[in-house]
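Here's the letter readout for the chains.
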Amino acid sequence: MSGRAGRLGIPIVAVLSIIALLYLALHSWNIKLTKQLVESERKQKLAFEKAESLEIELRKLMSFSRLESLALKGEHFPQVSPPDGSRRSEEGRRMPGVLRVASDIRH
Amino acid sequence: MRRRRNIIELFLIVLWGGILFKLFSVQILNWRHYQRMAAVQHFTKVKLLGERGKIYDRKGRVLALNRSCTSIRILPKWVRDKDRLATLLADFGLGTFSANRDFLARDKGLFLFKRYIDYNTGDSLRKVLVKERFHNATLVNDDYERLYPYGEFCADVVGFVGDEGCGLAGLEWAFNSLLAGKPGWVMMQKDAIGYSYPYPNHPTKPPEEGAELHLTIDADIQQVCYEALKKGVNETEALRGSVVVLDSSGAILAIVDYPGYDPNRFFDYSAELYKANAVTDQFEPGSSFKLVMCAAALESADSERFTGRVYDVSSGFISIGNRKIKDVHPNGVLTFDSVFINSSNLGCALMSFDMDPEFYYSVARRLGFGEPIGVGLPNEGRGKLDSPKKLHNRLRFATISFGQGVTVTLLQLAAAYLCIARDGEYVKPYLVDSIKKGNRVILKQDRRETRQAVRTQTAERVKGILRRVVEHGTGKLAAIANVSVCGKTGTAQKVEPWGGYSSVRSLMTFIGFFPIERPRYCIAVLIDEPKRARFAAGAACPVFKEIGERLLLKDRIELAVDNWAKEEVLGKVGFVESGEENGKTAF
């Protein structure tokens, strides 16, 4: 191999090697990003499911049977209960708001 | 020397020629084959599960949903250190060490070790198994678990899915093809050891989610009915009971059986409990079927023939051929209305002698008897209604007139009473309000098919009679304070396996609606073989009353909560004074 050919060959090999290395780096970065994407999708799904479970629990807490027992006690629903039970508790005041929060989490 | 050099050159030419030929063969001639082989070695398609559609009640509460979870499969013959794996599994709360050790020693081939493992636990376990180099002998898969938050309250309607994700009962079975999602896939690449990595451009076929079912039932009402029915069945020591609640539009608000089952643990219960008895079981209704005779008599062209006379049933029995028909309670001379208010079998039998069988049959059919309603639940009963030809037999017609020799479902009875409540307009009860898939609405029940089954005047007169049944007749125990209730009791003797009617085993019903001015709820209650009650008045009426009272309370509470919410929101922004809003509350 002549000296001239050697001088020309080395940079070509170097450039090709750099291109190959860049491609490998890009490839591995791409895989890393895809992994992160899959992981974040999974986390989002689990968070959605968690929010859904919380909403179900809240709806159960807001269910008729619980409201019924509160109404029968006459503490939280003065409109439903006898006239003397006119006191309204803080817990009762918050209830519709709690459902709104659950709905916000979901959407 | 030259000769040796020629040999080497020839050898190299042949060698390079062979290599070039092989390259040509691989790259040009057989590239498809090698590409396929490489793909098998480098890539793997991972199945993505299509999520099963959810089921909602009328208020958007989820009755059936999916939870992400994992399942683990093990191939014991490839496990290097069985003690270590057994310990790892036990550390993650999956069985005990000794039990796991036994499993691993007993089974050789791939087996399903555990399903429905909490997703986070399964994911952590997956990482540990890879780290501990058990990944070739274990397989931790993503999975879905079907959950039913309202458990036994809604089990009869919703049903459940089996281990393979296929519906096995209720709507889960009936709508399985719509609810089931379609699986997708994602392409992954494998390295030499077998680890999977995502492919850079992530080729994916997304899974298709199943359709969502939106039902007409109300989970609160299901619970109310279940609790009242449970109390009624236990207090009367009955075999079982069923309740159906319809609203004035024909929407089914509740279908409940007791004893029920928990769909989350369906395998712990007898398969007998899986069906919705109110829809599938056909029974002889007894006196609650007298509604048909009442409507037919009033609807007939010569209704005066029935309403303008009295019925002398003071003898307590009448003979038809060699058979005797009796009344349970002695009655004297009855008017048309009091035949039904006192629930006289003899009175109805006497009416049947003057009734045209064809006409009676047509009224019964118009009221929905003798054909399935088609609500969508599996194995719906159609009931048995004899043809007009058979009704020409006097004895047969006489017994059918008071509800013996004819079979119905509880839902059919409820629909017939709802028809009277709606001033004679029959509407088929429905359970599925809408089916949605993504943004597409597949079905929406916005226009219900109705028919005028009986005239409005007939319905008005029947309503009056049914009201007096509750005020003064056999249905007194169903009365609700300050509400006008209409209804009819039915106590039907059950057929013995060897023929004839039992003197001790009865099936009791009460079907009614309220308030008479603007009917809102139609409730049908069935109690099977109560030991502590002889008549429907003592068995079914108290259940009806309790359900009715609680439904009215529910309406009042919902109105109160609505007003309350308005007050919270509007009051804060200064639109409404709280006192003003309270003044609008209709209590």
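Rules of the game
- Residues numbered from 1 in each chain as written.
- Chains lettered and ligands numbered in written order.
- Predicted model: local features only at pLDDT ≥ 70, side-chain atom pairs only at ≥ 80, totals over all residues.
- Helix = DSSP H or I, 4+ residues; strand = E, 2+ residues; numbered from the N terminus.
- Rg over C-alpha atoms; globule rule 2.2 N^0.38 Å.
- Contact = placed C-beta atoms within 7 Å.
- Expected span 1.5 Å × (residues − 1).
- Buried ≥ 20, exposed ≤ 12 C-beta atoms within 10 Å, placed from the backbone.
- Pairing = 2+ DSSP bridges.
- Axes fitted to C-alpha atoms, helices over the stretch in contact; angles between N-to-C directions.

**Brief notes about the overall build of chain B**
- From N to C terminus, chain B includes 21 helices and 24 strands.
- Relative to the globule expectation of 25 Å for 587 residues, the C-alpha radius of gyration of chain B, 34 Å, shows a markedly less compact shape.
- Along the first, second and third principal axes, the C-alpha atoms of chain B reach 140 × 70 × 50 Å.
- Partitioning the contacts of chain B with sequence separation of at least 6, the portion at a separation of at least 24 is 70%.

**Some thoughts on helix 1 (residues 3-61) of chain A**
- Taking 1.5 Å of rise per residue, the 59 residues of helix 1 of chain A would be expected to cover 87 Å, and the 86 Å separating its terminal C-alpha atoms lies within 8% of that figure.
- Of all 59 residues in helix 1 of chain A, 0 are buried; the element is thus mostly exposed.

**Concerning the sheet that holds strand 22 (residues 486-495) of chain B**
Residue and element names in this part refer to chain B.
- Pairing within the open sheet is antiparallel, and its 5 strands lie in the order 13-12-24-23-22. One side of each edge strand has no neighbouring strand; the edge strands of this open sheet are strand 13 (252-258) and strand 22. The average angle at which neighbouring strand axes cross in this sheet is 10°, direction not considered.
- The sheet contacts of helix 18 (residues 410-421) involve strand 12 (240-247), strand 23 (501-514) and strand 24 (521-528), and relative to strand 24 the element is tilted by about 150°.

**Quick word on unusual backbone geometry**
Residues and elements named next belong to chain B.
- Residue Y258 is joined to P259 through a cis peptide bond whose omega torsion reads 0°.
- Secondary-structure assignment places P259 in the loop between strand 13 and helix 10 (277-280).
- The omega torsion across F514 and P515 is -20°, close enough to zero to call that bond cis.
- Here P515 is to be found in the loop between strand 23 and strand 24.
- With a phi angle near 55°, N379 is a residue other than glycine that sits in the positive phi range.
- Structurally, the position occupied by N379 is in the loop between helix 15 (357-366) and helix 16 (388-391).
- Phi at D423 takes a positive value of approximately 60°, unusual for a residue other than glycine.
- Using a count of 16 C-beta atoms within 10 Å as the deciding quantity, one classes D423 as partly exposed.

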